[in-house]
Amino acid sequence: MADLDDIKDGKDFGIGVAQQNTAFYLKGSGALDWGMQSRLARIFNPVSGRTVMLAFDHGYFQGPTTGLERIDLHIAPLFAHTDVLMCTRGILRSVVSPAVNKPVVLRASGANSILGELSNEAVAVSIEDALRLNVAAMAAQVYIGSEYEHQSIKNIIQLVDQGTRYGMPTMAVTGVGKDMARDQRYFSLATRIAAEIGAQIIKTYYTDTGFERVAAGCPVPIVIAGGKKLPERDALEMCYRAIDQGASGVDMGRNIFQSVAPVAMLKAVQAVVHHGENAERAYELFRNEQSASRGN
């Protein structure tokens, strides 16, 4: 408690100088509550306005897929080189040390597996547990055009309603059915629907043609999924084009942890997303980091 002795009247009130209120920097987020913006500022770098997420939540429906057999051995060494972790609460509690001190986007949908219909998901985490884990956002799939489209949309609505109550952002992840075209028209539809029902972040796929329309038509930040494993040069080219055409970041998994040099790949992706490097220069950085790691 402040000492009551020697209290002096304040003198420097800046009379004549208007109070400045800085607008929040993130697309479509200016009207959100302070707590929601604070969490988004942990995800998206306030300087670049962008993010690099490391996704390793695949086990919730794939099990121990290649590269994720041992999170402690293969994924934990990457934590220091990413901005954000995307994982399930089971992995978060069992493997990720709180001392890592990275913002977490928590996988909040589930109840499916590769042995059944992937679009048949449910909300798998309560808002109370998300708050207990101090995560920065919750994530769930939305399957537009699938058999269980209605349920997946209801899942996002439930998370948005609960998240808004407590200042927790929701990231809608656009899932794609086996027979659906991965084109600009589909992703424009899916991302816009997800934003219209209140998701504060959208994760979607990059399209070789028309992605700038996808990004422009979505009123909230888009981060691109890495998708299937690509050659490192091709993955960096995809990152560069997505950022250049309006994406606010990347959320990559297999193109990082299945890379021949995961740490080097993360550093190269960081260079593209936060420092504006093109794919050629980022790939050169990747090769240099790879060579240096071999030398050690």
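Residues numbered from 1 in each chain as written. Predicted model: local features only at pLDDT ≥ 70, side-chain atom pairs only at ≥ 80, totals over all residues. Heavy atoms only, no water.

Enquirer: Explanation requested: the overall build of the protein chain in the structure shown.
Expert: Within the protein chain, the secondary structure is distributed over twelve helices and ten strands. Relative to the 2.2 N^0.38 estimate, which gives 19 Å for 296 residues, the radius of gyration of the protein chain is 21 Å and therefore close to what a compact globule would have. Projected onto its principal axes, the C-alpha coordinates of the protein chain cover approximately 70 × 50 × 40 Å. Expressed as a percentage of its 296 residues, the buried residues of the protein chain come to 47%. (Helix = DSSP H or I, 4+ residues; strand = E, 2+ residues; numbered from the N terminus. Rg over C-alpha atoms; globule rule 2.2 N^0.38 Å. Buried < 20%, exposed > 50% of the residue type's maximum accessible area, 1.4 Å probe, protein only.)

Enquirer: Would you mind showing me how to read the environment of Tyr 283 here?
Expert: Along the chain, the position of Tyr 283 falls in helix H12 (residues 279-295). Taking C-alpha positions, Tyr 283 is 6.6 Å from Ala 268, a pair spaced 15 residues apart along the chain.

Enquirer: What exactly am I supposed to notice about the nonpolar core here?
Expert: Among soluble globular proteins, nonpolar side chains are generally buried collectively. Counting 68 residues, the largest nonpolar core has Phe 56, Ile 75, Ile 202, Phe 211 and Val 269 as the members making the most contacts within it. Looking at this core, the element that brings in the most residues is helix H11 (residues 262-275), giving seven residues. Here Ile 202 is in contact with Met 171, Ala 172, Thr 174, Thr 191, Ala 194, Ala 195, Cys 218, Val 220, Pro 221, Ile 222 and Val 223, once residues within four sequence places are set aside. One finds Phe 24, Val 105, Ala 136 and Ala 139 within the second-largest nonpolar core, a separate group that totals 18 residues. (Core = buried A, V, L, I, M, F, W, Y, C linked by side-chain atoms within 4.5 Å. Contact = heavy atoms within 4.5 Å.)

Enquirer: Can you walk me through the packing of aromatic side chains in this structure?
Expert: Any two aromatic rings considered together are summarised by their centre-to-centre distance and by the angle between their planes. In the structure shown here, the tally under the stated rule is seven aromatic pairs. Each residue in the set Tyr 186, Phe 187 and Tyr 205 is aromatic and connected to the rest through ring pairs, giving one cluster. Lying over the aromatic face of Tyr 205, Arg 182 brings its terminal NZ or CZ to 4.4 Å of the ring centre. (Phe/Tyr/Trp six-rings, centres within 6.5 Å; stacked < 30°, edge-to-face > 60°. Lys NZ or Arg CZ within 6 Å of the ring centre and 35° of its normal.)

Enquirer: Just checking my understanding: could you explain unusual backbone geometry for this structure?
Expert: Note: most residues except glycine have negative phi, and most peptide bonds are trans. For Asn 101, which is not a glycine, the phi torsion comes out positive at approximately 55 degrees. The backbone of Ala 111 shows a phi angle near 75 degrees, a positive value even though the residue is not glycine. Mapped onto the elements of the fold, Ala 111 is located in the loop between strand E4 (109-110) and strand E5 (122-123).

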